[in-house]
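# Close look at the chain arrangement
What follows is each chain in one-letter form.
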Amino acid sequence: MATRLVQINMKAQDDAALGRFWAEALGWGIDSEGPGVTNLEPLGFSYPDPVAVCIDIIARPEPKTVKNRVHLDLATTSTAHQQELVARLKSLGATPVDVGQGDVPWTVMADPEGNEFCVLEPRPVYRDTGPIAAVVVDCTDPREMARFWGGAMDWTLHEVTDDCATMRSAKGVGPYLEFIRTPDTKSGWNRVHLDVRPYPGDDPAAEAARLRALGATDPRIDQSAIHWTVLADPEGNEFCLLAPA
């Protein structure tokens, strides 16, 4: 049994407007499974496929108040491409932000609702990821996160150090999942989180039990009205275990 990362979930005060921004930013298509939900995926994409990690944007009334623990890194192919992408994102409503990054070769920005993301300088490792180079999770212990998520998913661990842990689909496609050591601590409910799915035929209850045995915990929320399971990883980051597909 195993799961795989299929999408990230973003909360937004205006899911449709934020969806339009990210669709333009990534060159993806827009759909909606119902009011207050905007779904983004590459054009011609057959979900789920490790070639892409999709985005679900869910309407919530609360405004963003703290730096997100999960963000996207966008890939570029050249210095000129990086400059062009930053300019295009500004025209779509993104703004440069200072999160204490100092003098770095990448550009830190925020989308129209304040969600941080990075436009990376060209790096060979991300040459075949698509527009999203990596989904990045802030943490205090990358080794522990690698242990948990390496057991939770069938993705391949590429690097594990005290400062960074990196994973990618075992098929060698799509974006990376990276756990970066930061001095910040988690504060409140994560506005951006990971969604994982078991494979067809797997037992969701058994998979939830397996994840708990690895160190996942149950957030103290009422889950009676939802058909998926909300768990938290060893650092308290919420994630959703969706139905097998």
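For the structure, check the block above.
The structure contained in this document is the topic of the report that follows. Keep in mind that what you see is a predicted model, and the values were worked out from it rather than measured.

What counts, and where the lines are drawn
- Residues numbered from 1 in each chain as written.
- Predicted model: local features only at pLDDT ≥ 70, side-chain atom pairs only at ≥ 80, totals over all residues.
- Heavy atoms only, no water.
- Pairing = 2+ DSSP bridges.
- Helix = DSSP H or I, 4+ residues; strand = E, 2+ residues; numbered from the N terminus.
- Contact = heavy atoms within 4.5 Å.
- Salt bridge = Lys/Arg side-chain N within 4 Å of Asp/Glu carboxyl O.
- Buried < 20%, exposed > 50% of the residue type's maximum accessible area, 1.4 Å probe, protein only.
- Phe/Tyr/Trp six-rings, centres within 6.5 Å; stacked < 30°, edge-to-face > 60°.
- Lys NZ or Arg CZ within 6 Å of the ring centre and 35° of its normal.

### A look at the sheet that holds strand S6 (residues 95-96)
The pairing of strands in a sheet happens through backbone hydrogen bonds and is either parallel or antiparallel. Read from one edge of the open sheet, 8 strands run S6-S7-S8-S5-S9-S12-S11-S10, paired in mixed fashion. A strand with exactly one partner marks an edge of an open sheet, and here the two such strands are S6 and strand S10 (156-160). Here strand S7 (residues 107-110) pairs with strand S8 (residues 116-119) via 4 bridges, running antiparallel. Pairing of threonine 107 across the sheet is with valine 119, part of S8.

### Let's talk about the pairing of strand S12 (residues 176-181)
In this sheet, S12 lies alongside strand S9 (residues 132-139) in parallel orientation, the contact comprising 6 bridges. Bridging from a neighbouring strand, valine 136 pairs with glutamate 178 of S12. Pairing between strand S11 (residues 164-168) and S12: 5 bridges, direction antiparallel. Of the residues in S12, the one forming a bridge with threonine 166 is glutamate 178.

### Considering the environment of tryptophan 189
On the secondary structure map, tryptophan 189 appears in the loop between S12 and strand S13 (192-198). Each C-alpha atom, one on tryptophan 189 and one on alanine 208, is 20 Å from the other, the two residues being 19 residues apart in sequence. What tryptophan 189 contacts, discounting residues up to four positions off in sequence, is Pro219, Ile221, Val230 and Glu238.

### Some thoughts on unusual backbone geometry
Of note, the bond from tyrosine 47 into proline 48 is cis; its omega dihedral lies within 30 degrees of zero at -10 degrees. Mapping proline 48 onto the fold places it in the loop between strand S3 (37-41) and strand S4 (54-59).

### Things to note about the pattern of salt bridges
Per the stated rule, a full pass over the model turns up 12 salt bridges. Across the salt bridge formed by arginine 168 and aspartate 128, the nearest N and O atoms sit 3.1 Å from each other. Of this pair, arginine 168 sits in strand S11 while aspartate 128 sits in the loop between S8 and S9; the two residues are 40 residues apart in sequence, bridging distant segments of the chain. You can call arginine 168 buried: its relative accessible area is 5%. Residue aspartate 218 pairs with arginine 212 through a salt bridge whose shortest N-O separation is 2.9 Å.

### Some words on the packing of aromatic side chains
Following the criterion strictly, the structure yields 8 aromatic pairs and no others. Seen from their ring centres, tryptophan 22 and phenylalanine 117 are 5.1 Å apart, and the 70 degrees between their planes marks the pair as edge-to-face. One end of the pair, tryptophan 22, is in helix H1 (residues 15-26); the other, phenylalanine 117, is in strand S8, with 95 residues separating them in the sequence. With respect to class, tryptophan 22 is no different from phenylalanine 117; both count as buried. Chaining the aromatic ring pairs together yields one cluster made of Phe148, Trp149, Phe179 and Phe239. Positioned above the aromatic ring of tyrosine 199, the side-chain terminus of arginine 4 is 4.1 Å from the ring centre.

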